[in-house]
Amino acid sequence: MTVDAGRELRLTLAHTRFQVLETVRIPIAVIGNMVFPALALSFFVLPQREIAGDTQLATQAVAQFALFAVMSTCIFTYGVGVAEDRAQPFDAYIRTLPAGPVPRLGGRLLSGGLFSLIALVPLLVLGAVATEAAPSAGQLIGGIGMVLLAGTPFLFAGLAIGYALSVKAALPIAQVILFPLAFGGGLFLPPEMFPGWLDTFSGFLPTRAGRDLLVHVTTGSGATVFDVVVLVGWTVLVAALAVTAYRRDQGRRFR
Amino acid sequence: MTSATAPPHVVEVEHVTRRFDATVALDDVSLTVRRGELLGLLGPNGAGKTTLLSLINGLRKPDSGTIRLFGGDPRDPASRARLGTTPQETGLPPTLRVAEVVDFVARHYPDPMPTAEVLEMFGLTDLARRQTGGLSGGQKRRLAIGLALTGRPELVLLDEPTTGLDVDARHALWDALRSYHAQGGTIVLTSHYLEEVQALAQRVVVVDRGQVLADDRLDVILDRVALRRMSLRVPDAAVSSLATVPGLTQHETSADGRHELLVSDADAAVRALVAADVPFEGLTIAGATLEEAFLTMTRTPPGATQPGATQQAAAVDQARSTVTTEGARP
């Protein structure tokens with residue numbers, strides 16, 4: 001079967017629009033994702049002047065919370081959101097329309113990217129106003145691109161959870177994955193404060209690889225080629241899980 | 001059965017079995033739908049109708065057997081380009097507006113109807129900006145069927161399209177489906193109401209417990225399932241004369257001594273009893289339920305009788321209360 005790229009793109013945009021509309025009509029979901037990272041920055045970083053007042057450390061802290069914002073948006077909006085959608089009869093209907101997995105997954109990727117960006121706005125504004133974080137324009141743009149790339153494995157993780165599990169199972173699993181990965185990857189405490197064994201272990205986590213690359217792009221130091229390998233490896237692995245879960249999914253069972 | 005490549009077949013189902021855990025939802029079902037047919041899948045709830053549709057529309061895979069939709073695998077999106085289906089009434093995305101949902105569906109098809117035309121056809125123009133969560137049951141159903149026709153499909157699958165609607169709304173939807181069919185469209189609809197199948201279908205497939213019990217023209221099926229239940233008392237001496245009642249498909253004796261007959265034509269049966277001077281009393285006549293009709297279809301060949309059988313007497317009271325009194329009293 002030949003794939004008409006133009007048609008796939010139009011359909012992807014239609015699915016994106018559909019998901020964006022569904023999400024923004026229940027604004028509290030969007031607002032929650034926007035507020036939480038900024039709140040975390042206010043509680044954990046702003047009171048510590050030695051971090052907030054230092055350009056390098058403040059930029060690094062904002063970058064870490066930015067990755068946390070993106071990964072939590074991905075894992076929750078996908079993990080729980082997809083599981084919720086699958087429980088709805090309209091989702092079964094959409095699966096009977098003449099579209100394959102590409103427009104649906106593509107629509108989820110694009111709408112997830114959009115809401116991830118939106119979730120960054122209050123954090124970046126607060127970081128600029130209340131801390132000494134001062135990336136150059138190039139570093140800022142590079143950082144936004146990098147944080148989306150670094151969020152990719154979590155996006156696929158969210159999709160894998162959403163397509164494999166029910167809503168009741170997806171919610172706790174999303175939480176169980178999110179917080180240890182965020183902590184272990186140095187998103188709450190910088191890895192310089194880790195004991196040696198944790199630092200070594202952390203090096204194999206997708207959060208740590210993403211964080212190192214992001215800090216490298218925004219402050220100019222810290223990442224290695226190994227981080228790239230780890231991030232790409234996790235992305236491929238989790239994407240394969242997501243595709244498998246999608247293929248196995250036949251909606252709810254009934255009668 | 002013609003060869004697999006025969007183009008007039010819109011749907012081909014061959015020896016399909018589908019289980020859900022221990023339940024066999026479809027048991028070795030074979031069925032072909034030809035272009036332009038208006039086919040009714042008739043059967044009680046849980047008979048396997050919805051499962052069969054979910055195999056044809058690609059939502060599920062059969063455990064064994066093959067399904068072809070326009071000659072291809074229904075799980076391949078390209079096979080579904082000429083297929084229209086409906087969401088369940090409760091299944092519309094509640095926060096989206098009516099026109100947004102139609103637009104979204106239309107984008108999946110190469111030559112869809114303009115959104116305004118779909119809304120106009122189903123009387124939804126004034127509701128275009130309404131969120132679907134705010135629609136009434138009838139409005140949701142109209143939108144659902146509108147979505148099935150939005151892509152100008154060649155085949156439409158409708159699962160219980162008008163169940164629970166009031167008479168006016170039901171007739172309006174039937175008109176829309178008839179006009180779609182008149183323009184060459186193929187329709188497969190499921191129902192557990194004989195009335196709905198009777199109003200629309202030309203060919204009827206009766207399904208129960210995952211098996212095809214009958215597949216024939218509407219009038220032939222009607223003769224077999226549109227049974228009447230006659231209940232009457234007769235003196236013991238006259239019982240044997242009941243066996244001569246025309247169109248008798250089942251004869252039971254209930255616990256209180258009443259005779260329960262399932263007959264294809266109650267008028268003819270009453271005339272025959274009167275003509276034979278059978279001294280009956282307390283005659284009542286009611287429509288038999290489809291379930292009763294299906295039971296006689298599975299357990300006895302048409303025309304055979306089961307005199308004295310009592311094991312189904314308990315189900316008698318569940319007969320639908322569409323009592324017809326024409327000629328009921330001697």
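Predicted model only: the values in this text are computed from it and were never measured.

> What is the right way to read the overall build of chain B from this model?
Helix and strand counts for chain B come out as nine helices and 13 strands. Residues classed as buried in chain B amount to 54% of the 330 residues present. Of the contacts formed within chain B by residues at least 6 apart in sequence, a portion of 68% connects residues at least 24 apart. As presented, chain B carries roughly 14,300 Å² of accessible surface, and 50% of it is formed by carbon and sulfur atoms.

> How should the confidence of the model for chain A be read in this particular structure?
Regions with low pLDDT should not have their predicted coordinates read in detail. On average, residues of chain A score 88 in pLDDT, and 96% of them are at 70 or above. Element-level mean pLDDT values for chain A span from 85 in helix H2 (residues 27–44) of chain A up to 93 in helix H10 (residues 206–219) of chain A.

> Would you mind going over the nonpolar core with me for this structure?
Among soluble globular proteins, nonpolar side chains are generally buried collectively. The biggest cluster of nonpolar side chains holds 58 residues, and the ones touching the most others in it are Phe90 of chain A together with Phe122, Leu143, Leu147 and Val204 of chain B. Both domains that meet at this core, namely domain 1 (9–223) and domain 2 (227–318) of chain B, each give it at least three residues. Discounting chain neighbours no more than four positions away, the residues touching leucine 143 of chain B are Leu92, Val98, Val102, Leu124, Thr132 and Leu135 of chain B. Counting 49 residues, the second-largest nonpolar core is a separate cluster that includes Ala40, Ala52, Ala66 and Leu231 of chain A.

> How do you make sense of the UniProt feature "domain: ABC-2 type transporter transmembrane" (unreviewed entry) in chain A when you look at a structure like this?
Mapped onto this numbering, the UniProt entry annotates "domain: ABC-2 type transporter transmembrane" (unreviewed entry) at residues 14–214 of chain A. Taken end to end, residues 14–214 of chain A has its terminal C-alpha atoms 31 Å apart, with 82% of it in helix and 0% in strand.

> In this structure, what is going on with the domain arrangement of chain B? I would like to understand it.
One widely used convention gives an interface's size as the accessible area the parts lose upon coming together. With domains assigned, chain B is organised as domain 1 (9–223) and domain 2 (227–318). On a C-alpha basis, the centres of domain 1 of chain B and domain 2 of chain B stand 37 Å from each other.

> Just to check I follow, could you spell out the interface of chain A and chain B for this structure?
Tallying the contact residues gives 28 residues for chain A and 36 residues for chain B. Roughly 3,100 Å² is buried in total at the junction of chain A and chain B, and carbon and sulfur atoms are behind 60% of that figure. Taken together, chain A and chain B are joined by one salt bridge. Between arginine 25 of chain A and glutamate 100 of chain B there is a salt bridge whose closest N-O contact spans 2.9 Å. For the pair chain A and chain B, the number of links is ten residue pairs in polar contact (both at pLDDT 80 or more). By residue number, the principal contributor to the side of chain A that touches chain B is helix H1 (residues 5–24) of chain A, which donates eight residues. Class assignment of the residues belonging to the side of chain A that touches chain B gives a composition of 15 nonpolar, four polar and nine charged.

> I keep staring at the UniProt feature "transmembrane region" (unreviewed entry) in chain A and nothing clicks. Help me out?
Residues and elements named next belong to chain A. Feature annotation in UniProt places "transmembrane region" (unreviewed entry) on residues 26–45, 65–84, 105–128, 140–162, 169–189 and 223–246, given in this structure's numbering. Helix makes up 100% of residues 65–84 and strand 0%, whereas the separation of the span's terminal C-alpha atoms amounts to 27 Å. Each end of residues 223–246 is marked by a C-alpha atom, and these two atoms are 33 Å apart; helix forms 92% of the span and strand 0%.

> I keep staring at the sheet that holds strand S10 (residues 228–233) of chain B and nothing clicks. Help me out?
Pairing between sheet strands relies on hydrogen bonds along the backbone, with the strands arranged either parallel or antiparallel. Residues and elements named next belong to chain B. The antiparallel open sheet is built from four strands, whose spatial order is S11-S12-S10-S13. A strand with exactly one partner marks an edge of an open sheet, and here the two such strands are strand S11 (248–253) and strand S13 (281–287). Neighbouring strand axes in the sheet, compared pairwise and without regard to direction, differ in orientation by 15° on average. Here S11 pairs with strand S12 (residues 259–263) via five bridges, running antiparallel. Bridge assignment links glutamine 250 to a residue of S12, and that residue is leucine 262.

> Explanation requested: the packing of H2 of chain A against helix H6 (residues 101–130) of chain A in the structure shown.
For any two helices packed against each other, the geometry is given by the interaxial angle and the distance between the axes. All names here are of chain A. It is at 8 Å that the axes of H2 and H6 come closest, and there the two elements cross at 30°. Here H2 lies roughly parallel to H6, going by the angle between them. Crossing angle aside, the handedness with which H2 passes H6 is right-handed. Within the contact between the two elements, H2 uses Val30, Asn33, Met34, Pro37, Ala38, Leu41 and Ser42 and H6 uses Phe115, Ile118, Ala119, Pro122, Leu123, Leu126 and Gly127.

> Please clarify how the packing of aromatic side chains should be interpreted in this entry.
In this description, an aromatic ring pair is defined by two values, namely the gap between the centres and the angle between the planes. All names here are of chain A. Applying the stated criterion across every chain, the model contains ten aromatic pairs over all chains. Consider the rings of phenylalanine 18 and phenylalanine 90, whose centres lie 5.9 Å apart with planes at 10°: the pair is stacked. Taken together, the positions of phenylalanine 18 in helix H1 and phenylalanine 90 in helix H5 (residues 89–96) put the pair 72 residues apart, joining distant regions of the chain. Phenylalanine 90 carries the same exposure label as phenylalanine 18, and that label is buried.

> Any chance you could explain helix H11 (residues 225–248) of chain A here in plain terms?
Residue and element names in this part refer to chain A. With 24 residues, H11 extends 35 Å from end C-alpha to end C-alpha; this agrees with the ideal 34 Å at 1.5 Å per step. Residues of H11 that are buried: Asp227, Val230, Leu231, Thr235, Val238, Ala239, Ala242, Ala245 and Tyr246. The elements touched by buried residues of H11 are H5, H6, helix H7 (137–164) and H10.

> Which parts of the structure should I look at to understand the sheet that holds strand S9 (residues 211–217) of chain B?
Residues and elements named next belong to chain B. What the six strands build is an open sheet, ordered S5-S6-S7-S3-S8-S9; its pairing is mixed. Two strands bound the open sheet, and with one partner strand each, they are strand S5 (83–85) and S9. Sheet twist, expressed as the mean angle between neighbouring strand axes with direction ignored, is 15°. Along the sheet, helix H5 (residues 167–182) makes contact with strand S3 (38–42), strand S6 (155–159) and strand S7 (186–191), crossing S7 at roughly 150°.

> Please explain unusual backbone geometry as it appears in this structure.
Trans peptide bonds make up most of the peptide bonds, and negative phi angles are found at most residues other than glycine. All names here are of chain B. At aspartate 21, a position not held by glycine, the phi torsion is positive, near 50°. In this structure, phenylalanine 70 takes a positive phi of about 50° despite not being glycine. Position of phenylalanine 70 among the secondary structure elements: in the loop between strand S4 (64–69) and S5.

Cut-offs and rules
Residues numbered from 1 in each chain as written. Chains lettered and ligands numbered in written order. Predicted model: local features only at pLDDT ≥ 70, side-chain atom pairs only at ≥ 80, totals over all residues. Heavy atoms only, no water. Helix = DSSP H or I, 4+ residues; strand = E, 2+ residues; numbered from the N terminus. Buried < 20%, exposed > 50% of the residue type's maximum accessible area, 1.4 Å probe, protein only. Contact = heavy atoms within 4.5 Å. Areas by Shrake-Rupley, 256 points an atom, 1.4 Å probe, with all protein chains shown as cover. pLDDT = per-residue confidence, 0-100. Core = buried A, V, L, I, M, F, W, Y, C linked by side-chain atoms within 4.5 Å. Domains from an automatic or database assignment. UniProt positions renumbered as here; feature names shortened; annotations may be inferred. Buried area = accessible area lost by both parts, 1.4 Å probe. Salt bridge = Lys/Arg side-chain N within 4 Å of Asp/Glu carboxyl O. Polar contact = N/O pair within 3.5 Å; in protein donor to acceptor, adjacent residues only side chain to side chain. Nonpolar A, V, L, I, M, F, W, Y, C, P; charged D, E, K, R; others polar. Pairing = 2+ DSSP bridges. Axes fitted to C-alpha atoms, helices over the stretch in contact; angles between N-to-C directions. Parallel < 35°, antiparallel > 145°, perpendicular 65-115°, else oblique. Left-handed = near helix turned anticlockwise from the far one by under 90°. Phe/Tyr/Trp six-rings, centres within 6.5 Å; stacked < 30°, edge-to-face > 60°. Expected span 1.5 Å × (residues − 1).

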